[in-house]
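Architecture at a glance
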Amino acid sequence: MADLRNNFVGIKSPNPFWLASAPPTDKAYNVIRAFRAGWGGVVWKTLGEEGPPVVNVNGPRYGAIWGADRRLLGLNNIELITDRDLQVNLREIKQVKKDWPDRAIVVSLMVPCEEHAWKAILPVVEETGADGIELNFGCPHGMSERGMGAAVGQVPEYIEMVVRWCKANTRMPVITKLTPNITDIRKPARAAHAGGTDAVSLINTINSITGVDLDSFAPQPTIDGKGSHGGYCGPAVKPIAMNMVAEIARDPETHGLPISGIGGITTWRDAAEFMALGAGNVQVCTAAMTYGFKIVQEMIAGLENWMDEKGHATLDDIVGRATPNVTDWQYLNLNYIAKAHIDQEACIKCGRCHIACEDTSHQAITSMVDGVRHFEVIEAECVGCNLCVNVCPVENCITMEPLAAGVMDQRTGKPVSPVYANWTTHPNNPMAKVAAE
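What counts and what doesn't
- Residues numbered from 1 in each chain as written.
- Predicted model: local features only at pLDDT ≥ 70, side-chain atom pairs only at ≥ 80, totals over all residues.
- Heavy atoms only, no water.
- Helix = DSSP H or I, 4+ residues; strand = E, 2+ residues; numbered from the N terminus.
- Buried < 20%, exposed > 50% of the residue type's maximum accessible area, 1.4 Å probe, protein only.
- Contact = heavy atoms within 4.5 Å.
- Areas by Shrake-Rupley, 256 points an atom, 1.4 Å probe, with all protein chains shown as cover.
- Lys, Arg positive; Asp, Glu negative; His and termini not counted.
- Charge placed at Lys NZ, Arg CZ, Asp CG, Glu CD.
- Pairing = 2+ DSSP bridges.
- Polar contact = N/O pair within 3.5 Å; in protein donor to acceptor, adjacent residues only side chain to side chain.
- Domains from an automatic or database assignment.
- Expected span 1.5 Å × (residues − 1).
- Arc of directions from axis to C-beta.
- Axes fitted to C-alpha atoms, helices over the stretch in contact; angles between N-to-C directions.

**A word on the overall build of the protein chain**
If you tally the helices and strands in the protein chain, you get 13 helices and 22 strands. Along the three orthogonal principal directions, the C-alpha set of the protein chain runs to about 80 × 60 × 45 Å. Taking all 437 residues of the protein chain together, 49% fall into the buried category. Across the protein chain, every contact between residues at least 6 apart in sequence was considered, and the portion connecting residues at least 24 apart equals 70%. By element, 53% of the accessible surface of the protein chain is carried by carbon and sulfur atoms, the whole surface being about 21,000 Å². Charge-centre separation for the protein chain: the mean point of 38 positive side chains lies 4 Å from the mean point of 49 negative side chains.

Encoded structure:
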């Protein structure tokens, strides 16, 4: 059976599934239930400095986006860091770590961007026996207005500075959590790396408003007739998160920097995709809040079964396997040709492929043939865009079939070239022409 044991920057856990810093990790009661369910580790909900705890709203804290079947696709929250006393949290962390020594406990931290504040909190967290800390540089609401969270994460110089403070004042591994609310995720990652961080985690939540009540005309969630932007998470953010993970994994300046992947992970397949793109483990929040802690059991079993089926013995066999295959558009092979093919036995004659192609694409699918309702690809018009594959409600009914080298492409009237060629060498590229001269 596949070995799911995880060693992330020296932090060991029985599997790579950690709960992210969020409401599910706010107190010992939750964390113990999570460990009993099988979670390999947790990132304890963000702690602040000693003194009066932060104050959360006492009304709705979540907004949502649903699919047609009411399945939760995205969740927006306006909750802040822990509103429980620091000392209460520290006592609970120490006890839980004592009782569950084989599980990873990382403590998320957010204090003012001042060295004395970090120096004050690091030793008291270290005394709990926690395995590491995660610097919360991502929270996009509430705390950012106070000069913390994303307000730090959006300034690479601040990231590097705080990471250096932490590395100089604690023995614990430092994981830097990055905000996605930035133009180029590589810059904060490079800054954290320059500061000496042991790893980065991403993504934190995305600035969002999920809806507006059209009776009261207030954003949702609504507090006494008003609303605010919050942090967006859940399955809908997974593509954004995976791209950012891949960008850091393949950046020459951060290549090899350990990554904890976060963002819409709901199934074992999601986790495997993140790890294939370079994540050493994954953190989950929205899925647990939607389906409960026991969802991890499906994740563990699914990942084990897939790894066994594919012959992957350990997590090291899959981490980063897809990273070399992520490239820039300009390097994609322009001589690769594929055409859509419709399995007539599987086709239910719904016509969605035809409508999508006819109205918005390349008019390459029939609707009638010899007076009979029939959907078939017109190869002379098909550019291989695969829109039809994505709108078809029947899995694998429409597939993309590559044309072999030498086969005539009916659309261009030219044989498929066996030679790799990309935009950098294409005659239509002005830069290529300059280079040729």
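**Let's talk about the pairing of strand β4 (residues 41-47)**
The buried fraction of β4 amounts to seven of the seven residues, a majority that puts the element mostly inside the structure. Relative to β4, strand β3 (residues 17-19) is paired through two bridges, and the arrangement is parallel. In the strand pairing of β4, Trp18 is matched with Gly41. As paired elements, β4 and strand β7 (residues 104-109) share five bridges and run parallel to each other.

**As for the side chain of Asp26**
Tracing the chain through its elements places Asp26 in the loop between β3 and α1 (28-37). Assessed through its relative accessible area of 9%, Asp26 is described here as buried. One polar contact links Asp26 to Thr82, side chain to side chain, over a distance of 3.2 Å. For Asp26, the residues in contact, after removing those within four places along its chain, are Trp44, Lys45, Thr82, Arg84 and Asn89.

**Structural notes on the domain arrangement of the protein chain**
Accessible area lost when the parts come together is the quantity often used to give the size of an interface. Here the domain parsing of the protein chain yields domain 1 (6-325) and domain 2 (329-425). Here the C-alpha centroids of domain 1 and domain 2 sit 40 Å apart.

**Structural notes on helix α3 (residues 115-126)**
Helix length check: α3, at twelve residues, gives a terminal C-alpha distance of 17 Å against a target of 16 Å (1.5 Å per residue), a fit within 8%. Listing the buried residues of α3 in full gives Ala117, Trp118, Ile121, Leu122 and Val125. Here the buried residues of α3 occupy an arc of 120° about the axis, which is enough to place them on one side. Lining the buried residues of α3 we find α2 (86-99), β7, β8 (132-136) and α5 (156-169).

**Points about the pairing of strand β6 (residues 72-77)**
Within β6, five of the six residues are buried, which leaves it mostly tucked inside the rest of the structure. In terms of strand pairing, strand β5 (residues 62-66) meets β6 through five bridges, oriented antiparallel. Across the sheet, Trp66 pairs through a bridge with Leu72, a residue of β6. Where β5 hands over to β6, the hairpin turn is made up of five residues, of which Arg70 adopts a positive phi near 70°. As defined by bridge partners, β6 adjoins strand β14 (residues 230-233) across three bridges and the pair is classed as antiparallel. Residue Asn76 lies in a different strand from β14, and its bridge partner there is Tyr232.

**Focus: the sheet that holds β6**
Read from one edge to the other, the open sheet built from four strands follows the order β5-β6-β14-β11, with strand pairing classed as antiparallel. Two strands lie at the open edges of the sheet, namely β5 and β11 (206-208), each paired on one side alone. Within the sheet, the average angular offset between the axes of one strand and its neighbour, ignoring direction, is 35°.

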